[in-house]
Amino acid sequence: MKPLRNALGLSLALAAVPAAAADEFTACVAQLRTEAVGKGIAPQVFDTALTGVEADQGVLDALESQPEFKTAIWDYLAGLVDEQRVADGRAKLGEWASVFAEAEQRFGVDRHVIAAVWGVESDFGRIMGGRPLVRSLATVSCFGHRQRFFRGELMATLRILQSGDMPAESLVGSWAGAFGQTQFMPTTYQRLAVDFDGDGRRDIVRSVPDALGSTANFLARAGWVSGQPWGFEVVLPAGYSGPSGRRNRQPLAKWSALGIARTDGGALSGGSPAALLLPAGARGPAFVVFRNFDVIYSYNAAESYALAIAHLSDRLRGGGPLLTAWPTDDPGISRLERREVQQRLLERGFDIGKPDGIIGQRTRVAIESFQTSTGLTVDGRAGQRVLNTLRAAAPPPKPPVAESPPAAPEGPAPATK
Ligand code: CA
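Visitor: So, the overall build of the protein chain: which residues are in play, and what are the values?
Guide: Scanning the protein chain from N- to C-terminus turns up 17 helices and seven strands. Here the protein chain holds 417 residues, and 47% of them are scored as buried. Of the contacts formed within the protein chain by residues at least 6 apart in sequence, a portion of 69% connects residues at least 24 apart. Carbon and sulfur atoms make up 54% of the accessible area of the protein chain, which totals about 19600 Å². Across the protein chain, the 44 positively charged side chains and the 43 negatively charged ones have centroids separated by 5 Å.

Visitor: Lay out the state of the cysteines with the relevant residues and their values.
Guide: Within the structure shown, the criterion is met by one disulfide. Note on cysteine connectivity: C28 is disulfide-linked to C142, with sulfurs 2.0 Å apart. Disulfide C28-C142: the torsion about the S-S bond is -85°, which places it as left-handed. Taken together, the residues span a long stretch of sequence, with C28 in helix α1 (residues 19-38) and C142 in helix α8 (residues 133-142) at a distance of 114 residues. Note on C28: relative accessible area 7%, which makes it buried.

Visitor: Give me the sheet that holds strand β7 (residues 286-289): which residues, what numbers.
Guide: Either a parallel or an antiparallel arrangement is found when strands of a sheet pair, and the pairing is made through backbone hydrogen bonds. Strands sit in the order β4-β6-β7-β3-β5 across an open sheet of five strands; the sheet is antiparallel. Each edge of the open sheet carries a strand with a single partner, namely β4 (245-250) and β5 (261-262). Taken together, the two bridges between strand β3 (residues 231-235) and β5 define a ladder with antiparallel strand orientation. If you follow V235 over to β5, its bridge partner there is A261. Contacting β4, β6 (274-277) and β7, helix α13 (residues 291-299) runs over the sheet at an angle of about 155° to β4.

Visitor: With reference to specific residues and values, describe the coordination of the calcium ion.
Guide: A metal bound by six donors in octahedral fashion has ideal angles of 90 or 180 degrees, whereas one bound by four tetrahedral donors has an ideal angle of 109.5 degrees. Here the calcium ion is held by D195 (OD), D197 (OD), D199 (OD), R201 (O), D210 (OD) and D210 (OD), and the distances to it run 2.2 to 2.8 Å. Look at where the donors of the calcium ion fall in the sequence and you get D-x1-D-x1-D-x1-R-x8-D. Take D197: its relative accessible area is 36%, and that puts it in the partly exposed class.

Visitor: Please provide a residue-by-residue account of the nonpolar core, values included.
Guide: If you look at the biggest cluster of nonpolar residues, it comprises 90 residues, and the most contacted ones within it are L158 and F179. Taken domain by domain, this core gets at least three of its residues from each of domain 1 (1-55 + 131-166) and domain 2 (231-316). If sequence neighbours within four positions are ignored, F179 has contacts with L133, I160, M166, L171, V172, G173, F184, M185, P186, Y189, I204 and V205. In this structure, F232, L278, A286 and V288 belong to the second largest nonpolar core, which totals 14 residues.

Visitor: Break down the packing of helix α15 (residues 335-347) against helix α16 (residues 361-374) for me, citing the residues and quoting the values.
Guide: The geometry of α15 relative to α16 is characterised by a closest axis approach of 11 Å and an angle of 65° between their N-to-C directions. One way to sum up the angle between α15 and α16 is to call them roughly perpendicular. Here α15 runs over α16; the crossing is left-handed. In contact with V341, Q342 and L345 of α15, α16 contributes T363, A366, I367 and F370.

Visitor: So, the pairing of β3: which residues are in play, and what are the values?
Guide: For β3, the buried fraction is high: four of the five residues fall into the buried class. Bridge count between β3 and β7: four bridges; the pairing is antiparallel. Across the sheet, G231 pairs through a bridge with V289, a residue of β7.

Visitor: Can you break down the pattern of salt bridges residue by residue, with the values?
Guide: Across all of its chains, the model carries 26 salt bridges by this definition. Ionic pairing is found between R335 and D82, a salt bridge with its closest N-O pair at 2.8 Å. With a gap of 253 residues between them, R335 in helix α15 and D82 in the loop between α4 (73-80) and α5 (83-95) connect regions that are remote in the sequence. Like D82, R335 is buried. D329 is the salt-bridge partner of R385, the closest N and O atoms lying 3.2 Å from each other. One end of the pair, R385, is in helix α17 (residues 384-392); the other, D329, is in the loop between α14 (303-316) and α15, and 56 residues separate them in sequence. One connected set of salt bridges, linked through shared partners, spans D82, R85, D88, D123, R126 and R335.

Visitor: Go over the packing of aromatic side chains with me, naming the residues and quoting the values.
Guide: The full count for this structure, using the stated rule, is 13 aromatic pairs. Centre to centre, the rings of F107 and F196 are 5.9 Å apart; their planes meet at 40°, and the pair counts as tilted. Note that F107 is positioned in helix α6 (residues 97-107) and F196 in the loop between α10 (186-192) and α11 (208-221), a separation of 89 residues in sequence. Exposure remark for F196: the relative accessible area of 8% places this residue in the buried category. Measuring from centroid to centroid gives 5.5 Å for W118 and F124, while their planes differ by 80°, and the two rings are edge-to-face. For the pair shown, W118 and F124 are each scored as buried. Every member of this aromatic cluster is reached through a ring pair, and the members are F100, W118 and F124.

Visitor: Go over α14 with me, naming the residues and quoting the values.
Guide: In a regular helix each residue adds 1.5 Å, so 14 residues correspond to 20 Å; α14 covers 20 Å between its end C-alpha atoms and thus fits that length. With 11 of 14 residues buried, α14 is to be regarded as a mostly interior element. Every buried residue of α14 is accounted for by Y305, A306, L307, A308, I309, A310, H311, L312, S313, R315 and L316. Among the structural elements, α4, α5, α7 (111-122), β7 and α13 are those in contact with the buried residues of α14. Within two residues after α14, G318 carries a phi angle of roughly 115°, on the positive side.

What counts as what
- Residues numbered from 1 in each chain as written.
- Predicted model: local features only at pLDDT ≥ 70, side-chain atom pairs only at ≥ 80, totals over all residues.
- Heavy atoms only, no water.
- Helix = DSSP H or I, 4+ residues; strand = E, 2+ residues; numbered from the N terminus.
- Buried < 20%, exposed > 50% of the residue type's maximum accessible area, 1.4 Å probe, protein only.
- Contact = heavy atoms within 4.5 Å.
- Areas by Shrake-Rupley, 256 points an atom, 1.4 Å probe, with all protein chains shown as cover.
- Lys, Arg positive; Asp, Glu negative; His and termini not counted.
- Charge placed at Lys NZ, Arg CZ, Asp CG, Glu CD.
- Disulfide = S-S within 2.5 Å.
- Pairing = 2+ DSSP bridges.
- Axes fitted to C-alpha atoms, helices over the stretch in contact; angles between N-to-C directions.
- Donors = N, O, S within 2.8 Å, 3.2 Å for Na, K, Ca; no water.
- Core = buried A, V, L, I, M, F, W, Y, C linked by side-chain atoms within 4.5 Å.
- Domains from an automatic or database assignment.
- Parallel < 35°, antiparallel > 145°, perpendicular 65-115°, else oblique.
- Left-handed = near helix turned anticlockwise from the far one by under 90°.
- Salt bridge = Lys/Arg side-chain N within 4 Å of Asp/Glu carboxyl O.
- Phe/Tyr/Trp six-rings, centres within 6.5 Å; stacked < 30°, edge-to-face > 60°.
- Expected span 1.5 Å × (residues − 1).

As structure tokens, this is what we get:
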């Protein structure tokens, strides 16, 4: 549930705004206090949360940044639905089997979809974001072009604090205010979070059952149809140039009549109307999608996001990779392979920080430099070709040695090391 995403994966440092902006912020916070108290927030709750809080320049930078790098759908999916995430998700489905069963029973939502949301939103609770929500939301409530929207989220955050459901130290998340294991926005939390472990608090940060139950509740309330699939991967008849698009819903029989069939040979059934999705055009993977795909889309309004959740849910259920290849001769790579790209760049002397599998600005610049030096197309993209070229490249030069070690005796190289 992220209205805005830091698509670059930029590591934005916590930083104070300039002095003039700081004065403006102080005046704005005073206004916010009046607004909050008028909406039933106790003054002491507001003061405890916001006294001494400074605007966060890093959040403003993230709000205003325009991603200059468009991620291809095959790169996006390769990072979100890789073997590691499938294995982790299957393990989590086992570990939390009784909670998933209860969520399925109470909300009617397929456990594999709930697990897929958990995996994509926070890597199963590993990466929930580290920015204090109150500071981030106060900053974007006072600066930038979405102040009205973010004020609502700030007020919701203050209500969470007032309710005692979660302590202030738990309320950290993305720069835009999404938090917890399945990254709810504060207003979404207010509407839809549930206490699923029965301890009397709705804690989607520290309680896995609360996070999973809340996500199931979200999907149920968004219109999840029990027992219906999200859709299927399909094959198109050769040279297909007919209708497509998520909003172009047609009776299912029409798609069958156009010669569209499931890649796995199963019957094309599961709901009507349905839409034909061609994320990379008619030459790439194709999908017939039902109402439940739109329900997933409502969690985060991007078709690539919904497809990642949908496909990961199939993988978690035991399904295999997509059968149709993406229309590229340079496929995307997994997080493990991205770390390998970073490790090999580091070994070649590029200062890219710690390998974390997130291709940010510094990694991109290093890749561009490597691509230039090896005659590859320069696009800063971490794909299969860059990985293969790094693997095949001559070993990096040895780092200079400060003091000369004793000269090694001449002789054959040791047989083992
Ligand atoms: Ca609870």
